[in-house]
Amino acid sequence: MKDTFTGGCLCGYVRYEHIGALGGANYCHCPDCRRTTGSAFSLGVRARVDSLRIVSGQVNAYTKIADSGNEITRQFCPECGSPLFTRSPAHPEFVYIKAGTLDDPTLVHPICQIWTAMRVPWADIGQGLTAYPRGRLTRSPEDPK
Ligand SMILES: [Zn+2]
Ligand SMILES: [Zn+2]
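Residue positions are given per chain, counting from 1 as you read along its sequence in written order. Chains carry letters from A onward and ligands carry numbers from 1 onward, assigned in written order. Where local features are concerned, this predicted model is filtered to residues with pLDDT of at least 70; where side-chain atom pairs are given and counted, the filter is 80 or more; whole-chain, interface and lining totals use all residues.

*Asks:* Tell me what's going on with the overall build of the protein, and back it up with residues and numbers.
*Replies:* Numbered from the N terminus, helices here are DSSP runs of H or I no shorter than four residues, and strands are runs of E no shorter than two. The helix and strand tally for the protein stands at one helix and 10 strands. Helices and strands appear in the protein in the N-to-C order β-β-β-α-β-β-β-β-β-β-β. Dimensions of the protein, computed from the C-alpha atoms along their principal axes, are close to 50 × 35 × 30 Å. Out of the 145 residues in the protein, the part that is buried amounts to 26%. For the protein, contacts bridging at least 24 residues in sequence account for 59% of all contacts bridging at least 6. Counts of 20 or more other C-beta atoms within 10 Å of a residue's own C-beta define buried residues, counts of 12 or fewer define exposed ones, and intermediate counts define partly exposed ones; C-beta atoms are placed from the backbone. In this description, any two residues whose backbone-derived C-beta atoms lie within 7 Å of each other are considered to be in contact.

*Asks:* Any chance you could break down the sheet that holds strand β3 (residues 25-28) for me, citing the residues and the numbers?
*Replies:* Judged by pairing direction, the sheet is mixed, and its seven strands sit side by side in the order β6-β7-β8-β9-β4-β3-β10 without closing on themselves. One side of each edge strand has no neighbouring strand; the edge strands of this open sheet are β6 (60-65) and β10 (110-114). Taking the axes of each pair of neighbouring strands and ignoring which way they run, one obtains an average angle of 30° across the sheet. For two strands to count as paired, DSSP must find a minimum of two bridges between them. For strand β4 (residues 42-48) and strand β9 (residues 94-98), the ladder comprises five bridges, and the chain directions are antiparallel. Following the sheet pairing, R46 is matched in β9 by Y96. For helices, the fitted axis covers only the stretch in contact; all axes are lines through C-alpha atoms, and the angles between them, taken along N-to-C directions, range from 0 to 180 degrees.

*Asks:* Quick one: what's the story with the environment of A25, residue by residue and with numbers?
*Replies:* Mapped onto the fold, A25 is located in strand β3. A tally of 24 C-beta atoms within 10 Å means that A25 is categorised as buried. Between the C-alpha atom of A25 and that of K145, which follows or precedes it by 120 residues, the distance is 39 Å. For A25, the contacting residues outside a window of four places in its chain are L43, G44, V45, A99, V108, H109, P110 and I111.

*Asks:* How would you explain unusual backbone geometry if you had to name every residue and give the values?
*Replies:* Although it is not a glycine, W115 adopts a positive phi angle of roughly 60°. Topologically, W115 is positioned in the segment after β10.

*Asks:* Describe in detail the sheet that holds strand β5 (residues 52-56), supporting the description with residues and values.
*Replies:* In space, the three strands of this open sheet follow the order β1-β2-β5, with antiparallel pairing throughout. Of all the strands in the sheet, just β1 (4-8) and β5 have a single pairing partner and so form its edges. Within this sheet the neighbouring strands show an average axis-to-axis angle of 25°, counted without direction. For strand β2 (residues 15-19) and β5, the ladder comprises four bridges, and the chain directions are antiparallel.

*Asks:* Summarise the pairing of β4; cite the residues concerned and give the values.
*Replies:* When you tally the buried positions in β4, you get five out of seven residues, the bulk of the element. In this structure, β3 lies alongside β4, joined through four bridges in antiparallel fashion. Within the sheet, the bridge partner assigned to A25 lies in β4 and is V45.

*Asks:* Talk me through the environment of K64; I want residue IDs and the actual numbers.
*Replies:* Here K64 is to be found in strand β6. For K64, a count of 11 C-beta atoms within 10 Å translates into the label exposed. Non-local contacts of K64, meaning those with residues more than four positions away in its chain, are made with D32 and I72.

Nothing here speaks to function; it is geometry throughout.
Have a look at this one:
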């Protein structure tokens, strides 16, 4: 029996499936990933292009020359803007799936982090912060007025 992993964007317009075992994931701290995710870093799961299929909807794409000098094409939902896939013409056999778009993100296995020279200090969450298992419902003294 083949393993099939499914995922999609926030609004549900784009749905995809991946056939076969998922590859390892890498955190990327580069400035482009920071901007495109709006967060500290991106987490991409490496997959073979021929194992990924978009089953509904279609993606828009934006291509930019990265700091590596390679072209990177970032694909996203045209309706809700969720980042979904990253591709590089230098490595056309691979596609990186944004880890958080998988229906079962607990299957993601990070194996490394890249561009750590550009990591922002707040990317290291550390252990000392107050942890909320779910949302934070009450105001705290540090909140802006
Ligand atoms: Zn969407
Ligand atoms: Zn990056």
